Amino acid sequence: MRRQKWQQGYLEKRGKRKPVWFARYRINVMNPEGTITRRQVARIIGTVAELPTKKIARDRLLQLVNEAEGAAPRVTATFGEFADRWERTILPLLKPSTRRGYLSMLRLYLRPRFGKSPLGEVSAFEIQALISELSKTRAPETCKRVRDLLSSMFRSAMEWRWLPDNPCRGVRLPRRFRKPQRAVDCQIIARLVAEMEEPYATLLIFIAATGFRRSEVFALRWRSIEWDLGLVCASENVVNGEWGTPKGQHEPRLLPLPQWVLNRLLSLRQWYGDPDPEQVIFASRIGTPLSPPNVLNRQIYPACDRLGIPRFGFHAVRRGLTTEQVAEGTDVVTLQRWLGHKDPATTTRHYIMPDALRMKTAVNARGEKLFTTVHQNAPNLDPAKSQVVGNAR
């Protein structure tokens, strides 16, 4: 921003015992509404001992004026006022589930902590202190999500020229310990299907065959199935009654369906009495999409308990599909597109579970190779040690 020529500031000497140079000048200030106004700054710019003549003090004042005019407008909004503006402009662009999570974190953690603080005074130290406090009572994943939300908000502030940099940079997170993830194989699916009634049996079969997310499955309509081509189209999702598009997708995802799964869906359609094409496939009695927690609590969990199977969620079925397909030789890129992931690393990191039987086979093969190599290169190996190695086989 170009310095306005008329502004040179006001300068005077104050005090007798320890005289100082006192100055007034104007700076650009951005209001919470986003408009820029001028505000007067009154401050001491130095002592007479540091700036012995008025000319030197005037040069110092002009330097401060030039810096003020060339800098980005100073933001007077508090974090709470900035959060209000961010909620109105950025939050509606996000998916419903993301919006709910962000609003919850703002209400529980961020507004009580930073709401009345000036936006420019929320420092990396204060953010680190918040994360350290949360780590004592909250899971590491919660701490990460709070940090990520703050970082996203401050990136918006930088784009709006409200802040020069992002104070979340360098903030450390607590160590994360991932719980063992479960993958449900076809054997468990088969046992559960025999125990469950319709439409829940077909629902479980469909998820196991397609790997659809639960938000995609419960949003499927009868028109989503191309009966002649044997395809199903994932173009919508529903989360807590709010409709949207599937996560990480910019276009509908088409997947082929096995013929026997198509036949089950056709039987289910006949069982419903040839419903309207706009009707969701897995619907409640009043025609709305089924609730995933209700399906788990009322159908899948009781069936697991009756069969003595540990309880699992819908994601365990997706992980089971991925793990079994990798064992059968399916490449990761194909699985990435199959599951609708944006990045193949997501498929590799979170959905391919180690197979205990394959692991045991690989370790035993390595042991056999090591045993043979050791004895070929050390024929005079002590028999007692050799016996121990042999027993280890």
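Quick summary incoming for the structure in this document. Values in this document were obtained by computation on a predicted structure and should not be read as measured data. (Residues numbered from 1 in each chain as written. Predicted model: local features only at pLDDT ≥ 70, side-chain atom pairs only at ≥ 80, totals over all residues. Heavy atoms only, no water.)

1. Some words on the overall build of the protein
When helices and strands are counted, the protein shows 15 helices and 9 strands. When burial is assessed residue by residue, the protein has 37% of its 393 residues classed as buried. Put simply, 61% of the contacts in the protein that link residues at least 6 apart link residues at least 24 apart. Of the roughly 23600 Å² that the protein leaves accessible, carbon and sulfur atoms contribute 52%. (Helix = DSSP H or I, 4+ residues; strand = E, 2+ residues; numbered from the N terminus. Buried < 20%, exposed > 50% of the residue type's maximum accessible area, 1.4 Å probe, protein only. Contact = heavy atoms within 4.5 Å. Areas by Shrake-Rupley, 256 points an atom, 1.4 Å probe, with all protein chains shown as cover.)

2. A few points about the sheet that holds strand β5 (residues 225-226)
The strand order across the open sheet built from 3 strands is β5-β6-β9, with neighbouring strands paired in antiparallel fashion. Edge positions in the sheet fall to β5 and β9 (253-256), since each has one partner strand and no second. (Pairing = 2+ DSSP bridges.)

3. Brief notes about the packing of helix α11 (residues 314-327) against helix α12 (residues 332-339)
Where α11 meets α12, the closest approach of the two axes is 11 Å, and the angle between their N-to-C directions is 155 degrees. Comparing the axis directions of α11 and α12 gives the class roughly antiparallel. Handedness of the α11/α12 crossing: right-handed. Residue-level contacts link Arg318, Leu321, Thr322, Gln325 and Val326 of α11 to Leu335, Trp338 and Leu339 of α12. Split by residue class, the contact of α11 with α12 holds 5 nonpolar, 2 polar and 1 charged. (Axes fitted to C-alpha atoms, helices over the stretch in contact; angles between N-to-C directions. Parallel < 35°, antiparallel > 145°, perpendicular 65-115°, else oblique. Left-handed = near helix turned anticlockwise from the far one by under 90°. Nonpolar A, V, L, I, M, F, W, Y, C, P; charged D, E, K, R; others polar.)

4. Structural notes on the environment of Pro246
Inspection of the secondary structure puts Pro246 in the loop between β8 (242-244) and β9. Sequence spacing of Pro246 and Ser235 is 11 residues, and the spatial spacing of their C-alpha atoms is 6.5 Å. Here Pro246 is in contact with Lys95, Glu216, Ala234, Ser235, Glu236 and Asn237, once residues within four sequence places are set aside.

5. Comments concerning the nonpolar core
Counting 48 residues, the largest nonpolar core has Leu192, Phe206, Phe282, Ile300 and Phe312 as the members making the most contacts within it. Mapped onto this core, the elements with two or more residues apiece are α6 (186-195), α7 (200-210), β6 (231-234), α9 (259-272), α10 (292-307), α11 and α12. Take this core: its biggest share by element is 7 residues, from α7. With sequence-adjacent residues up to four places away left out, Leu192 is seen in contact with Leu204, Ala303, Cys304, Leu307, Ile309 and Phe312. Ranked by size, the runner-up nonpolar core spans 29 residues in total, among them Ala83, Leu106, Tyr109 and Met153. (Core = buried A, V, L, I, M, F, W, Y, C linked by side-chain atoms within 4.5 Å.)

6. Observations concerning the packing of helix α4 (residues 124-137) against helix α5 (residues 140-159)
Their axes nearest at 9 Å, the elements α4 and α5 cross at an angle of 160 degrees. One way to sum up the angle between α4 and α5 is to call them roughly antiparallel. Once α4 is placed against α5, the crossing between them reads as right-handed. Residues Ile127, Leu130, Ile131, Leu134 and Ser135 of α4 touch α5, and the partners they reach there are Cys143, Val146, Arg147, Leu150 and Phe154. For the contact of α4 with α5, the per-class residue count stands at 8 nonpolar, 1 polar and 1 charged.

7. What about the packing of aromatic side chains?
According to the stated counting rule, one finds 13 aromatic pairs in the structure shown. Measuring from ring centre to ring centre gives 5.7 Å for Phe82 and Trp162, while their planes differ by 50 degrees; the resulting arrangement is tilted. Placement of Phe82 in helix α2 (residues 79-89) and of Trp162 in the loop between α5 and α6 is noted, with a sequence separation of 80 residues between them. With respect to burial, Phe82 and Trp162 carry one shared label: buried. The rings of Phe79, Phe82, Phe114, Phe154, Trp160 and Trp162 are connected pair by pair, giving a single aromatic cluster. Above the face of the Trp243 ring, Arg221 is positioned so that its terminal group lies 4.4 Å from the ring centre. Directly above the aromatic system of Trp227 lies the positively charged group of Arg269, at a separation of 4.7 Å from the ring centroid. (Phe/Tyr/Trp six-rings, centres within 6.5 Å; stacked < 30°, edge-to-face > 60°. Lys NZ or Arg CZ within 6 Å of the ring centre and 35° of its normal.)

8. Focus on α2
Within α2, burial applies to Phe79, Gly80, Phe82, Ala83 and Trp86. For α2, the angular spread of buried residues about the axis comes to 155 degrees, placing them on one side. Taken together, the buried residues of α2 touch α3 (96-114) and α5. (Arc of directions from axis to C-beta.)

9. A short note on the pairing of β6
For β5 and β6, the ladder comprises 2 bridges, and the chain directions are antiparallel. If you follow Ile225 over to β6, its bridge partner there is Val232. Joining the antiparallel neighbours β5 and β6 is a turn of 4 residues, in which Gly230 adopts a positive phi near 70 degrees. With 4 bridges connecting them, β6 and β9 associate as antiparallel partners. Among the inter-strand pairings, Leu231 is bridged to a residue of β9, identified as Pro256.

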